[in-house]
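# Structure at a glance
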Amino acid sequence: MHWFNYKDSEFYAEDVPLSRIAEKYGTPVYVYSRATLERHIRTIDGAFSGIDHLTCYSVKANACGAILRLFAEHGLGADIVSGGELFRALRAGIPAERIVYSGVGKTPSEMEYALNSGILMFNVESESELRVLNEVAGRLKKKAPVSFRINPDVDPKTHPYISTGLKKNKFGIPHDSALRVYAEASKLPNIEVMGIDAHIGSQLVDVTPFREAAERLAGLIGEIRSLGVNLRYADIGGGLGIRYNEETPPDPSEWASMIIPVIKQAGCSLIIEPGRSMVGNAGALLTRVQYIKKNVDKTFVVVDAGMNDLARPSLYGSFHSILPVTDRKAAPAVVDVVGPICESGDFLAKDRELPLPEEGDLLAVMSAGAYGMSMASNYNSRTRAAEVMVSGGEDTLVTARESWEDLVARERE
Ligand code: LLP
């Protein structure tokens, strides 16, 4: 559920017409609804109230400071995958002791930063990483708190690029090697083993793989404890799907019901790492139609947002619903909505039936709050979009549009 709706024929974010935002801040611009974000905190974090748990928002979905600050105010933690994300999370007021650090390629200097900050734990993804972490912690005279990310070999039945818990994926430690790695870790002087972790993929619309993954972890928890290792945390990752088109994603309570009984039984505190489900439907990308262009048998709607602003359609063929900001009840036409970038892959929608817009019209690209701005680039030397937070009838610029000067600001000579 989200707070983007038509009132008469005008499209609003909460009580602010999107046309007003376009006028004030220009386009393309990302617009976020605070009420929607707050609702997601209540429904997702709230769904797990039956178990001792920590919701670590996955910062990669959207690292906007205003969103991180809101989550910090509500007591959420963070799941980070880089020193940059740690910097942003701490800066936004998320306490280090609520931060978990995932990712296959942590560098020694990132490890040092995280150890000095006092994060809750590292989700370690390989034996080589474990050895490096042990050395770095030793140098700092600290003990590194560790969970191992186990690859449970569970099929999440989602897009291959965002499946992560299959044997063939680069993530985690193979299920069959887990015991050996835990035994090895428990002997290392600068490592404190705290938990176990899995993340099987993203945009799951069927919750049964989550139960399978939780059960695989629970089975291991018993075996690991029999080695004399005290596991306190089970981290089940993120992955809950959202509605982009016709999907019927599960309610967070269904997600929770797959996981809570299994992890409770295992006697662990639960960590969840939701990203997309927290922010996806709380954001829209607002763009203006530049040209309507007809080529033989195709109509192209050329807009001022491109694949550098929202990469998902080009990268994964993802569907994002596109709505007119002023609904003039135009006759529908089948069009490609394309950006200004010099690549045929630069599209926001292909062969899509839309009310045919006119040049100068505004369009809202929906469900763009997750993996939208966070994956934006400067390709074609385009400046990255502004971000605006709406709350009730108020709109606030939370990230200014990049300038041309910003594009060259780090160049020397
Ligand atoms: N935890 C870990 C270790 C992850 O790798 C991810 C996402 C999450 C949590 C959050 O998952 P979520 O709740 O958002 O599904 N760029 C792609 C999605 C990549 C997801 C990467 N990992 C997209 O636009 O669909």
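Predicted model, so just to flag it, every value in this text is computed and none were measured.

Rules of the game
Residues numbered from 1 in each chain as written. Predicted model: local features only at pLDDT ≥ 70, side-chain atom pairs only at ≥ 80, totals over all residues. Heavy atoms only, no water. Helix = DSSP H or I, 4+ residues; strand = E, 2+ residues; numbered from the N terminus. Buried < 20%, exposed > 50% of the residue type's maximum accessible area, 1.4 Å probe, protein only. Contact = heavy atoms within 4.5 Å. pLDDT = per-residue confidence, 0-100. Core = buried A, V, L, I, M, F, W, Y, C linked by side-chain atoms within 4.5 Å. Pairing = 2+ DSSP bridges. Phe/Tyr/Trp six-rings, centres within 6.5 Å; stacked < 30°, edge-to-face > 60°. Lys NZ or Arg CZ within 6 Å of the ring centre and 35° of its normal. Arc of directions from axis to C-beta. Near = heavy atom within 4 Å. Polar contact = N/O pair within 3.5 Å; in protein donor to acceptor, adjacent residues only side chain to side chain. Nonpolar A, V, L, I, M, F, W, Y, C, P; charged D, E, K, R; others polar. Salt bridge = Lys/Arg side-chain N within 4 Å of Asp/Glu carboxyl O.

Counting its secondary structure elements, the protein chain contains 12 helices and 21 strands. C-alpha extents for the protein chain along the principal axes are approximately 70 × 55 × 40 Å. For the protein chain, buried positions account for 56% of its 413 residues. If you take every contact in the protein chain between residues at least 6 apart in sequence, the share linking residues at least 24 apart comes to 70%.

What follows concerns the confidence of the model for the protein chain. Overall, the prediction assigns the protein chain a mean pLDDT of 96, with 97% of residues at 70 or greater. At the low end of the mean pLDDT range in the protein chain sits strand E10 (residues 173–174), at 92; at the high end sits strand E4 (residues 29–33), at 99.

The biggest cluster of nonpolar side chains holds 104 residues, and the ones touching the most others in it are Phe48, Phe122, Phe148 and Ile196. No other element matches the eight residues that helix H9 (residues 252–266) contributes to this core. Those residues in contact with Phe148 that sit more than four places away from it in its chain are Val124, Leu130, Ile173, Val181, Tyr182, Ala185, Gly195, Ile196 and Asp197. In terms of nonpolar packing, the next biggest core, distinct from the first, is built from 19 residues, Ile21, Ala22, Ala284 and Ala386 among them.

What follows covers the environment of Leu270. Counting through the fold element by element, Leu270 comes out in strand E13 (residues 269–272). Among the residues examined, Leu270 registers a relative accessible area of 1% and is labelled buried. In sequence terms Leu270 and Asp153 are 117 residues apart; their C-alpha atoms lie 20 Å from each other. If near-sequence neighbours (up to four positions away) are discounted, Leu270 is found in contact with Phe48, Ile51, Asp52, His53, Leu54, Ala234, Ile236, Ile259 and Ile263.

Before going further, it helps to examine the sheet that holds strand E3 (residues 16–17). Spatial strand order, E1-E2-E3: three strands in an open sheet with antiparallel pairing. The two strands at the open ends of the sheet, each matched to only one other strand, are strand E1 (4–7) and E3. Judged from the two bridges that link them, strand E2 (residues 10–13) and E3 form a sheet pairing that is antiparallel. The residue bridging Tyr12 from the neighbouring strand is Pro17, located in E3.

One pass over the full model with this rule turns up seven aromatic pairs. An angle of 50° between the planes, with centres 4.7 Å apart, marks the rings of Tyr6 and Phe11 as tilted. Exposure remark for Tyr6: the relative accessible area of 32% places this residue in the partly exposed category. Aromatic side chains Tyr30 and Tyr32 sit 6.3 Å apart centroid to centroid with 20° between the ring planes, which places their arrangement in the stacked category. On the accessibility criterion, Tyr30 (0% relative accessible area) is buried. Here the aromatic residues Phe48, Phe210 and Trp255 are joined through ring pairs into a cluster of three or more. Across from the ring centre of Tyr12, 4.7 Å away, lies the NZ or CZ of Lys7, which sits over that ring. The ring of Tyr101 carries Lys106 above its face, with NZ or CZ at 5.5 Å from the centroid.

Taken together, the buried positions of helix H7 (residues 178–187) are Ala178, Val181, Tyr182 and Ala185. Each buried residue of H7 sits inside an arc of 100° when the element is viewed along its axis, so together they form one side. Residues of H7 that are buried in the fold lie against helix H6 (127–139), strand E9 (144–151), E10, strand E11 (191–197) and helix H8 (208–225).

Attention now goes to the pairing of E2. Pairing of E1 with E2 involves four bridges; the strand directions are antiparallel. Note on E2: the bridge partner recorded for Phe4 is Ala13. In sequence, E1 turns back onto E2 through a hairpin of two residues, with Asp8 there showing a positive phi of about 55°. Here E2 hands over to E3 after two residues, with Glu14 in that stretch at a positive phi of 50°.

Take the site of the ligand next. Within the structure, the ligand sits among 19 residues, and Ser202, Glu273, Arg276, Arg312 and Tyr371 are positioned closest to it. Separating a nitrogen atom of the ligand from a side-chain N or O atom of Asp79 is a distance of 3.2 Å. Glu273 places a side-chain nitrogen or oxygen 2.6 Å from a nitrogen atom of the ligand. A breakdown of the residues in the shell around the ligand according to their chemical character gives five nonpolar, eight polar and six charged.

Attention shifts here to the pattern of salt bridges. A side chain with one charge can pair with a side chain of the opposite charge if their charged atoms come near. Under the definition given, this model contains 18 salt bridges. In this structure, the salt-bridge partner of Asp351 is Lys298, at a minimum N-O distance of 2.9 Å. Here the residue Asp351 occupies a position in strand E18 (residues 347–355), and Lys298 occupies one in strand E15 (residues 298–303), the gap between them amounting to 53 residues. The partly exposed category is assigned to Lys298, whose relative accessible area is 26%. The shortest N-O distance in the salt bridge between Arg382 and Asp309 comes to 2.8 Å. Here Asp309 lies in the loop between E15 and helix H11 (312–316) and Arg382 lies in the loop between strand E19 (362–365) and strand E20 (386–391), a separation of 73 residues in the sequence. Asp309 sits in the buried class, given a relative accessible area of 1%. Here the salt bridges share partners, and the residues they tie into one network are Arg20, Lys24 and Asp395.

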